[in-house]
Amino acid sequence: MRFSPLFFMLFLRLDGDRCLGQKCLFMKVLIYSKRPCPYCDAAKAYFKGKSIPFEERDLTGNTDAMVELKNKTGHMTFPQIFIDDKFIGGYDELLKLKP
């Protein structure tokens, strides 16, 4: 199995404080969410539990923004998670990034 650089960067940060220099401190996490959404809540709890700061954009009731996001990612489900401006998928895909 081949892992991407994103995997290693995320793994290093999620697996404790084994960051390379200060690189993990600059990891930008953006979560698009809506309410109610248990997977959105789980993704946010996951990052909070790992002390990784994230920005949340709640699209509840904003159908135009939801359509725009779907066009950008090809996904209709929530959450939609971006790490360093790279779309990784939803909560299930986030869990798959861990070894």
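Before any of the text, the structure's been laid out above.
Below is a summary of the structure that appears in this document. Because the structure is a prediction, the values reported are computed rather than measured.

**Quick word on the state of the cysteines**
Counted by the stated rule, this structure contains one disulfide. Bridging Cys37 to Cys40, the disulfide has an S-S length of 2.3 Å. Here the disulfide of Cys37 and Cys40 is right-handed, its torsion about the S-S bond being about 75 degrees. Across this residue pair, the class does not change: Cys37 and Cys40 are buried.

**Some words on the environment of Gly61**
Examined against the element boundaries, Gly61 turns out to sit in the loop between β2 (55–58) and α3 (63–73). Residue classification places Gly61 among the exposed positions, given a relative accessible area of 70%. When the C-alpha positions of Gly61 and Arg35 are compared, they lie 8.9 Å apart, and in sequence the two are 26 residues distant.

**Overview of the environment of Pro36**
In this structure, Pro36 sits in the loop between β1 (29–33) and α2 (38–49). Classification of Pro36 as exposed rests on a relative accessible area of 76%. The spacing of Pro36 and Thr60 is 24 residues in sequence and 8.5 Å in space, taken between C-alpha atoms.

**Considering unusual backbone geometry**
Residue Arg35 is joined to Pro36 through a cis peptide bond whose omega torsion reads -10 degrees. With an omega dihedral of 5 degrees, the bond running from Phe78 to Pro79 counts as a cis peptide bond. Looking at the secondary structure, you find Pro79 in the loop between α3 and β3 (80–83). Positive phi values are uncommon outside glycine, yet Ser51 reaches one of about 55 degrees. Along the chain, the position of Ser51 falls in the loop between α2 and β2. Residues other than glycine seldom take positive phi values, yet Asp85 does so here, at roughly 65 degrees.

**Observations concerning the environment of Tyr39**
Relative to the elements of secondary structure, Tyr39 occurs in helix α2. With residues up to four places along the chain from it excluded, the contact list for Tyr39 reads Phe78, Pro79, Tyr91 and Asp92.

What counts and what doesn't
Residues numbered from 1 in each chain as written. Predicted model: local features only at pLDDT ≥ 70, side-chain atom pairs only at ≥ 80, totals over all residues. Heavy atoms only, no water. Disulfide = S-S within 2.5 Å. Buried < 20%, exposed > 50% of the residue type's maximum accessible area, 1.4 Å probe, protein only. Helix = DSSP H or I, 4+ residues; strand = E, 2+ residues; numbered from the N terminus. Contact = heavy atoms within 4.5 Å.

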